[in-house]
Amino acid sequence: MLTITRKLEFDAGHRIPNHTSQCRNLHGHRYALHITLAGKVVEREGESENGMILDFSEVKSLANQHLVALWDHAFLVYEKDVAVRQFLESIPDHKTVVLDKVPTVENLAQIAFDTLKDVYRDCYGNGLTLHSIRLYETPNCWAEVTAS
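Computed from a prediction, not measured in an experiment: that's the story for all the values here. (Residues numbered from 1 in each chain as written. Predicted model: local features only at pLDDT ≥ 70, side-chain atom pairs only at ≥ 80, totals over all residues. Heavy atoms only, no water.)

Trainee: Quick rundown of the environment of Gln22? Include the residues and the values.
Mentor: Turning to its location among the elements, Gln22 is positioned in the loop between β1 (3-14) and β2 (27-38). The sequence separation of Gln22 and Val145 amounts to 123 residues, and the corresponding C-alpha distance is 26 Å. (Helix = DSSP H or I, 4+ residues; strand = E, 2+ residues; numbered from the N terminus.)

Trainee: I'd like a rundown of the packing of helix α1 (residues 56-71) against helix α3 (residues 105-120), residues and numbers included.
Mentor: The N-to-C vectors of α1 and α3 enclose an angle of 135°; their axes lie 11 Å apart at closest approach. When the interaxial angle is binned, α1 and α3 end up oblique. In the crossing of α1 with α3, the sense of the turn from one axis to the other is right-handed. Contacts between α1 and α3 involve Glu58, Val59, Leu62, Ala63, His66, Leu67 and Trp71 from the first element and Leu108, Ile111, Ala112, Thr115, Leu116, Val119 and Tyr120 from the second. Considered class by class, the residues forming the contact of α1 with α3 number eleven nonpolar, two polar and one charged. (Axes fitted to C-alpha atoms, helices over the stretch in contact; angles between N-to-C directions. Parallel < 35°, antiparallel > 145°, perpendicular 65-115°, else oblique. Left-handed = near helix turned anticlockwise from the far one by under 90°. Contact = heavy atoms within 4.5 Å. Nonpolar A, V, L, I, M, F, W, Y, C, P; charged D, E, K, R; others polar.)

Trainee: Quick one: what's the story with unusual backbone geometry, residue by residue and with numbers?
Mentor: Despite not being glycine, His73 shows a phi value in the positive range, around 55°. Note on placement: His73 falls in the loop between α1 and β3 (74-78). Taking relative accessible area as the criterion, His73 reaches 57% and is therefore assigned exposed. Non-glycine residue Asp122 carries a positive phi angle of around 55°. For Asp122, the location among the structural elements is in the loop between α3 and β5 (129-138). Using a relative accessible area of 38% as the deciding quantity, one classes Asp122 as partly exposed. (Buried < 20%, exposed > 50% of the residue type's maximum accessible area, 1.4 Å probe, protein only.)

Trainee: I'd like a description of the packing of aromatic side chains, backed by residues and values.
Mentor: Going through the model one piece at a time under the given rule, you end up with three aromatic pairs. With a centroid separation of 4.8 Å and an interplanar angle of 45°, the aromatic rings of Tyr136 and Trp142 are classed as tilted. Tyr136 sits in the buried class, given a relative accessible area of 15%. The exposure class assigned to Trp142 is partly exposed, which follows from its relative accessible area of 42%. Grouping aromatic residues by their ring pairs yields a cluster made of Phe10, Tyr31 and Trp71. (Phe/Tyr/Trp six-rings, centres within 6.5 Å; stacked < 30°, edge-to-face > 60°.)

Just distances and angles here, no functional claims.
Spelled out as structure tokens, the structure:
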């Protein structure tokens, strides 16, 4: 199996409402998203994508359109975190993303995988699939979701 990986970074705030540590407080991270795709190398002489699984600029463009631009500089809040949701709603034009899961790195990685898996499917007619998402919350802590 041949894979390619593109790394994208974004900033976002969150909190883990029922956590017993400092993570229950409002805070933010510089997330690093690694998108790994698997597929066959395109072999179409004379075409732009010849020799590629998918152009890295296209990996970035699609991820930005469907996920990164939505989460970048937003506050990712759990739908049942009523106090924080009400506070964020009181701020005019605040960029808030309401999630149906607590915004742990594990849940965010799964949401990212589920959001992007159909976006990349077979882009060049070469059997392209989303192989994995690795989301770094800090340089030392991450979650990874791999296609089964």
